[in-house]
Amino acid sequence: FLLYEMAARKPAPEKVMVTEQLAVLATKLQINKYLKPGKKKWQFVEFLGDAGRESAGIVDLLAMRKNFDEKRNKKLGMKKGDSLEIIQIQVKGGTSSNPSKEDIKRMKKVSEHYHFSETLLSRWTTNTVNFYRLGNDGGLQEVTPRTIFS
C-alpha cells in the first residue's frame, strides 16, 4: 500500500489516523471480495468523529444489505427484500490492542439491542484482514470472510 508507506513517515497522531482509515478501507474491500455471484453487495455505515477520526462508541462500522431470502422474509411477515442483514464490526488496525472484556460486553449489549446478524472484530495488518466472531460466551473466534459475507 502506497498510503501505508506514506503513513510510516508521518508524525504519530497522523499515522494513527491513516492506520484507522486504512483498516476500515481494507475491511470493506475484504467483505465484498467474497460475494457469491448474484448476491447483493454490502453497503457500509461508518461512524466518524471530528476531522475524520473514529468517534466515541463501540460501533466502528456496520455492513448492511437487503435480505432477499423469501423463506426468511415470509417467516417474518415481510416481502422479499424487506428485511436487512446488519453486521456490527469493531475495526482494529496496526498495533492497536484487542477489545477489553468491558468492550466485548458493550459490543454484545449493542448487538442484542439492535438484533445484528453478527458481531465481529476486524483486525488489519499491512497485508491481511482477519475477522473474529463474538461468541455467546464473550470470546472471539476467528472466522473466514466467506463464512460471514458470501
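Residues numbered from 1 in each chain as written. Predicted model: local features only at pLDDT ≥ 70, side-chain atom pairs only at ≥ 80, totals over all residues. Heavy atoms only, no water.

Visitor: Which residues make up the sheet that holds strand S1 (residues 43–46), and what are the values?
Guide: Read from one edge of the open sheet, six strands run S1-S2-S3-S4-S5-S6, paired in mixed fashion. Only two strands of the sheet have a single partner each, and these edge strands are S1 and strand S6 (140–143). Here the strands of the sheet are splayed against their neighbours by 30° on average, with no regard to which way each runs. By the bridge criterion, seven bridges tie strand S3 (residues 83–93) to strand S4 (residues 118–125) in an arrangement that is parallel. Each residue of the ladder has a partner; that of Lys-92, found in S4, is Arg-123. Where helix H4 (residues 101–114) meets the sheet, its contacts fall on S3, S4, strand S5 (128–134) and S6, and the angle it forms with S3 comes to roughly 165°. (Pairing = 2+ DSSP bridges. Helix = DSSP H or I, 4+ residues; strand = E, 2+ residues; numbered from the N terminus. Axes fitted to C-alpha atoms, helices over the stretch in contact; angles between N-to-C directions. Contact = heavy atoms within 4.5 Å.)

Visitor: Would you mind going over the packing of aromatic side chains in detail, with residue names and values included?
Guide: A full pass over the atoms with the stated rule returns three aromatic pairs. Measuring from ring centre to ring centre gives 5.6 Å for Trp-42 and Phe-149, while their planes differ by 85°; the resulting arrangement is edge-to-face. Taken together, the residues Trp-42 in the loop between helix H2 (12–33) and S1 and Phe-149 in helix H5 (residues 145–149) connect sequence positions 107 residues apart. Taken individually, Trp-42 and Phe-149 each receive the classification buried, so the pair is uniform in this respect. For the ring pair Tyr-114 and Phe-116, a centre distance of 5.7 Å and an interplane angle of 25° mean the geometry is stacked. Look at Phe-116 and you get buried, because its relative accessible area is 13%. Three or more aromatic residues joined by ring pairs form one cluster here, namely Trp-42, Phe-131 and Phe-149. (Phe/Tyr/Trp six-rings, centres within 6.5 Å; stacked < 30°, edge-to-face > 60°. Buried < 20%, exposed > 50% of the residue type's maximum accessible area, 1.4 Å probe, protein only.)

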